[in-house]
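Residue-level listing of the chains:
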Amino acid sequence: MMSSDTIFALASGALPSAVAIIRTSGSAAGLVFERLIGRPPPDRRDTTVASLNDPETGAILDQAVVLWFAGPRSFTGEDVLELQVTGSRALVDRLSELIAAVPGCRPAMAGEFARRAFLAGKMDLTEVEGLADLIDAETRAQREQAMMVAGGQLRTAAEDWRRQILALRADVEALLDFADAELDVDRLLTSQNDDAPSVRIQAICEDIETALQSHERARRISRGLTAAIVGPPNAGKSSLLNHLARSDAAIVSNVPGTTRDVIEVPIDLDGYRINVIDTAGLRATDDLVEAEGVRRARRASDAADVVIRLLGNDDAAAMSEADGEDAILVRSKSDLRDWHSEGAVIDLSAKTGAGVADLRHALVARLDDLPDKTGATVATVRQRDLLENACHALRSASQALDPVLMADDLRRAADDIGRLTGQISTEEMLGQIFGRFCIGK
């Protein structure tokens, strides 16, 4: 991947479409502008409507909205040309051919525009990961979380932690000059004064651990809360799944044992992704296929973040099954009963919709109960692992009695946080992160 190349790609959706956006970035972007439009690009950012001409035939290809971003004031830090044209396959193919014919131009690789933005210092790795999550976002909560990360809140916190650690390391290394003197270095290292190294280290570690508490919530929002519907046969599990999904995702029948496998359907509840799982009815059976379904149902129940347990006719047996389980208890088919449950049991009818809103609120409450963070959000496993490693090094440093060992632990902590933002990086790590992006981003 040559950084001196000028890259181009379709940056919009699949063709045909109403509008297609072709993005070009690099030193030859101005030459592309001149060949297609017939005049040099402006010296600064500019938006105009212009005719795109085929330099080989002189024919007008299209009337386009032309956006010019003179580097370094652009997404990639380079000269960037964006053409908004009619979303015709034939037109986009021809424009791609003409751009590729310009010396130094080539098609972009996946994530290469974002990678150039990172290398130009326009964004750090946490912001890059937030941008990737924003592209993948399917719900309101995922979008809001991605925007928090892409907005640089974690980067700002990480830069402050690293600055404090580097300052601490400089102070500790300064003590090495007095190691052979009468100065009590051990006492200075372990002092509990506010400006003592051990106290300052503990304060940084506590800040990082507070940020780490946001990871579980971020993980749930990103992948969705898994909710398994369990209960005896004919309790209304499949009907409930269909009602929540607003589709006929599962077969509904009065015949016990109709559902024999696990069916998972992602749904959007109040902006949160909930992966709802329908399972086989829990009962003893001699049918080998149904027995396997029951086994899978119990396994899904054990692995789920939350269990929606539908009660059957034998409430005592159902309560015993739910004993010790943090489940949402539901009595279904309330439209067929002339009485209502008391306590924590939700009366629900998939047929009329009664009680479904209460179940939705109960599911969303499981996410709301997780530690909430309005500041730095640790969204990915990579971010979590690096911050945990930094905390481990800081805890080791706070207990060190030798300034050499303390300084080395502080170096390791600073390096881990540097890897978090990309101040310290490897080609393998960058490849994994930018490989998530589509071509054109």
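Each remark here, short or long, concerns the structure printed above.
Bear in mind the structure is a predicted one, so any value in this text is a computation, not a measurement.

Definitions and cut-offs
- Residues numbered from 1 in each chain as written.
- Predicted model: local features only at pLDDT ≥ 70, side-chain atom pairs only at ≥ 80, totals over all residues.
- Heavy atoms only, no water.
- Axes fitted to C-alpha atoms, helices over the stretch in contact; angles between N-to-C directions.
- Helix = DSSP H or I, 4+ residues; strand = E, 2+ residues; numbered from the N terminus.
- Parallel < 35°, antiparallel > 145°, perpendicular 65-115°, else oblique.
- Left-handed = near helix turned anticlockwise from the far one by under 90°.
- Contact = heavy atoms within 4.5 Å.
- Nonpolar A, V, L, I, M, F, W, Y, C, P; charged D, E, K, R; others polar.
- Salt bridge = Lys/Arg side-chain N within 4 Å of Asp/Glu carboxyl O.
- Buried < 20%, exposed > 50% of the residue type's maximum accessible area, 1.4 Å probe, protein only.
- Phe/Tyr/Trp six-rings, centres within 6.5 Å; stacked < 30°, edge-to-face > 60°.
- Lys NZ or Arg CZ within 6 Å of the ring centre and 35° of its normal.
- Pairing = 2+ DSSP bridges.
- Core = buried A, V, L, I, M, F, W, Y, C linked by side-chain atoms within 4.5 Å.

Caption draft 1: Region of the structure containing the packing of helix α4 (residues 125–136) against helix α5 (residues 140–150). Following both chains from N to C, one finds α4 and α5 inclined at 160 degrees, their axes separated by 7 Å at the closest point. Here α5 runs roughly antiparallel to α4, going by the angle between their axes. Classified by chirality, the crossing of α5 by α4 is left-handed. For the pair formed by α4 and α5, the contact residues are Thr126, Glu127, Gly130, Leu131, Asp133, Leu134 and Asp136 on the first element and Gln142, Arg143, Ala146, Met147, Val149 and Ala150 on the second. When grouped by side-chain class, the residues that make up the contact of α4 with α5 number 6 nonpolar, 3 polar and 4 charged.

Caption draft 2: Just the pattern of salt bridges, in detail. In this structure the tally under the stated criterion is 25 salt bridges. One salt bridge in this structure joins Arg140 and Glu144, with 3.3 Å as the shortest N-O distance. In this pair, Arg140 and Glu144 are both assigned in helix α5, 4 residues apart and thus about one turn of the helix distant. For Arg140, a relative accessible area of 34% corresponds to the partly exposed category. Measuring nitrogen to oxygen at the nearest pair gives 3.2 Å for the salt bridge that ties Arg411 to Asp415.

Caption draft 3: Looking closely at the packing of aromatic side chains. In this structure the tally under the stated criterion is 1 aromatic pair. On the basis of an interplanar angle of 75 degrees and a centroid distance of 5.7 Å, the ring pair of Phe33 and Trp68 is categorised as edge-to-face. A residue pair is termed long-range when its members are at least 10 positions apart, and Phe33 in helix α1 (residues 29–37) and Trp68 in strand β4 (residues 60–69) qualify at 35 residues. Like Phe33, the residue Trp68 is buried in the burial classification. Taking NZ or CZ as reference, Arg140 lies 5.8 Å from the ring centre of Tyr272, over its face.

Caption draft 4: Seen up close, the packing of helix α8 (residues 197–212) against helix α14 (residues 381–399). Running from N to C, α8 and α14 cross one another at 160 degrees; their axes reach a closest spacing of 9 Å. Between α8 and α14, the angle falls in the class roughly antiparallel. Considering only the axes of α8 and α14, their crossing is left-handed. For the pair α8 and α14, contact is made by Ser198, Ile201, Gln202, Ile204, Cys205, Ile208, Glu209 and Leu212 and by Arg384, Leu387, Glu388, Cys391, Leu394, Arg395, Ala397 and Ser398, respectively. Partitioning the contact of α8 with α14 into residue classes produces 9 nonpolar, 3 polar and 4 charged.

Caption draft 5: Examining the sheet that holds strand β2 (residues 17–25) more closely. Strand order in this open sheet of 6 strands is β3-β4-β5-β2-β1-β6, and the pairing throughout is mixed. At either margin of the open sheet sits one strand with a lone partner, and together these are β3 (46–53) and β6 (105–107). Put simply, the sheet's adjacent strands are angled 25 degrees from each other on average, direction ignored. Note: strand β1 (residues 6–10) against β6, 3 bridges, orientation parallel.

Caption draft 6: Spatial organisation of the nonpolar core. Among the nonpolar cores identified, the biggest contains 30 residues, and Trp161, Ile165, Ile208, Leu387, Leu394, Leu410 and Ile417 are the most heavily contacted of them. Sorting the residues of this core by element identifies α6 (153–175), α8, α14 and α15 (403–421) as the ones contributing at least two each. Not counting residues within four places of it along the chain, the set of residues in contact with Leu387 comprises Trp161, Ile208, Leu212, Val378, Ile417 and Leu420. Ranked by size, the runner-up nonpolar core spans 29 residues in total, among them Leu244, Leu269, Val306 and Ile308.

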